[in-house]
Amino acid sequence: MRRELITLFAAIAASICVAFAVPLGLSTQSRAREQALDAARLDAARMVPVVASGDVSQIDAMVAGYNAGGDVRATVVVGGVPIGDDVPDPDRLDRALDQLSTLDGDVDGGIELVTAVALEGDRRAAIRIMIPSDEYRGNAVAAWVGLAAVSLVLVLIASVAS
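Residues numbered from 1 in each chain as written. Predicted model: local features only at pLDDT ≥ 70, side-chain atom pairs only at ≥ 80, totals over all residues. Heavy atoms only, no water.

Undergrad: Go over the environment of I59, please, and point to the residues and values.
TA: By the secondary structure assignment, I59 is in helix 2 (residues 56-67). Sequence spacing of I59 and T75 is 16 residues, and the spatial spacing of their C-alpha atoms is 9.6 Å. In contact with I59, other than residues within four places in its own chain, are V50, V51, G54, V76, V78 and I83. (Helix = DSSP H or I, 4+ residues; strand = E, 2+ residues; numbered from the N terminus. Contact = heavy atoms within 4.5 Å.)

Dropping the structure here:
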């Protein structure tokens, strides 16, 4: 009878932990992605004045300085010519330029943010920020491990206490 009660309490504790830990872990994962995108949007907004000037040498220096700082990479496309490491997804680039807006989406290896910038006349440029998945998934993995450890401790406590 005692063994059955211990099993019952452990099962109840485990189901409560799963009921709380899974949504919390998914929320943490989503929040980490959104924080990475917010940081990329802010970086793109800081680049807009330099890109809007249309001065290719200033744009090149800005992109080189940004790319020297870490794993997040930037590319600026002016007149169809990319300045920086990679070329943005052509469909996302065209849509952003047509709508003169900011678009983001998943690509191989992370998230791509493309921001269109209006230049003089009808010309347009685009700022592309590539966020590697390690930038936002690493925190989520740590959160999942922490939640799993807390859940395991709670199940053990429930088993021992009964």
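Moving on from the model shown.
Undergrad: Explain the side chain of N67 residue by residue, including any values.
TA: Assignment of secondary structure puts N67 in helix 2. Contacts of N67, omitting those with residues within four sequence positions, involve V72, R73, A74, G84 and D85.

Undergrad: Help me get a handle on helix 1 (residues 2-53), residues and values and all.
TA: An ideal rise of 1.5 Å per residue puts 76 Å on 52 residues; helix 1 measures up with 77 Å between its terminal C-alpha atoms. For helix 1, the principal kink sits at M47 and spans about 35 degrees; a proline, P49, occurs within the next four residues. (Expected span 1.5 Å × (residues − 1). Bend = angle between axes of the 7 residues up to and from the residue.)

Undergrad: I'd like a description of the sheet that holds strand 5 (residues 124-132), backed by residues and values.
TA: What the five strands build is an open sheet, ordered 2-1-5-4-3; its pairing is antiparallel. Each edge of the open sheet is held by one strand with a lone partner, namely strand 2 (81-84) and strand 3 (102-107). Across the sheet, the axes of successive neighbouring strands diverge by a mean angle of 20 degrees, strand direction being ignored. Against the sheet, helix 2 makes contact with strand 1 (73-78), strand 2 and strand 5, and its axis sits at roughly 165 degrees relative to strand 1, the strand it touches most. (Pairing = 2+ DSSP bridges. Axes fitted to C-alpha atoms, helices over the stretch in contact; angles between N-to-C directions.)

Undergrad: Help me get a handle on the nonpolar core, residues and values and all.
TA: In summary, soluble globular proteins display a tendency toward joint burial of nonpolar side chains. Ranked by size, the top nonpolar core spans 25 residues in total, and within it V76, I127, I129 and I131 carry the most contacts. Those elements that place two or more of their residues in this core are helix 1, helix 2, strand 1, strand 4 (110-118) and strand 5. If one sorts the elements of this core by residue count, helix 1 sits on top with seven residues. Excluding anything up to four places from it in sequence, I131 contacts A36, L37, A40, V72, G109, G110, I111 and Y136. Counting eight residues, the second-largest nonpolar core is a separate cluster that includes L93, A96, L103 and A126. (Core = buried A, V, L, I, M, F, W, Y, C linked by side-chain atoms within 4.5 Å. Buried < 20%, exposed > 50% of the residue type's maximum accessible area, 1.4 Å probe, protein only.)

Undergrad: How would you sum up the environment of G138? Please name residues and give values.
TA: Take G138: it is sitting in helix 4 (residues 133-161). A relative accessible area of 39% means that G138 is categorised as partly exposed. Placed 106 residues apart in sequence, G138 and A32 show a C-alpha to C-alpha distance of 9.0 Å.

Undergrad: Tell me about the pattern of salt bridges, residues and numbers included.
TA: Across all of its chains, the model carries six salt bridges by this definition. For the salt bridge of R41 with D38, the shortest nitrogen-to-oxygen distance reads 3.0 Å. On the criterion of helical spacing, the pair formed by R41 and D38 is a turn pair, its members being three residues apart in helix 1. For R41, the salt bridge is made with D104, and the minimal N-O distance between the two is 3.1 Å. You can see R41 sitting in helix 1 and its partner D104 sitting in strand 3, a full 63 residues away along the chain. By relative accessible area, which is 32% here, R41 ends up partly exposed. Counted as one network, the salt bridges with shared partners bring together D38, R41 and D104. (Salt bridge = Lys/Arg side-chain N within 4 Å of Asp/Glu carboxyl O.)

Undergrad: Before we move on, could you go through the pairing of strand 4 and cite the residues and values that matter?
TA: Counting buried positions along strand 4 gives eight out of nine residues, so the element sits mostly inside the fold. As paired elements, strand 3 and strand 4 share six bridges and run antiparallel to each other. Looking at the pairing, L103 lines up with V114 of strand 4. Counted along the chain from strand 3 to the antiparallel partner strand 4, the turn is two residues long, and its residue G109 has a positive phi close to 95 degrees. The pairing of strand 4 with strand 5 spans nine bridges and is antiparallel. Residue pairing across strands places L113 opposite I129, the latter belonging to strand 5.

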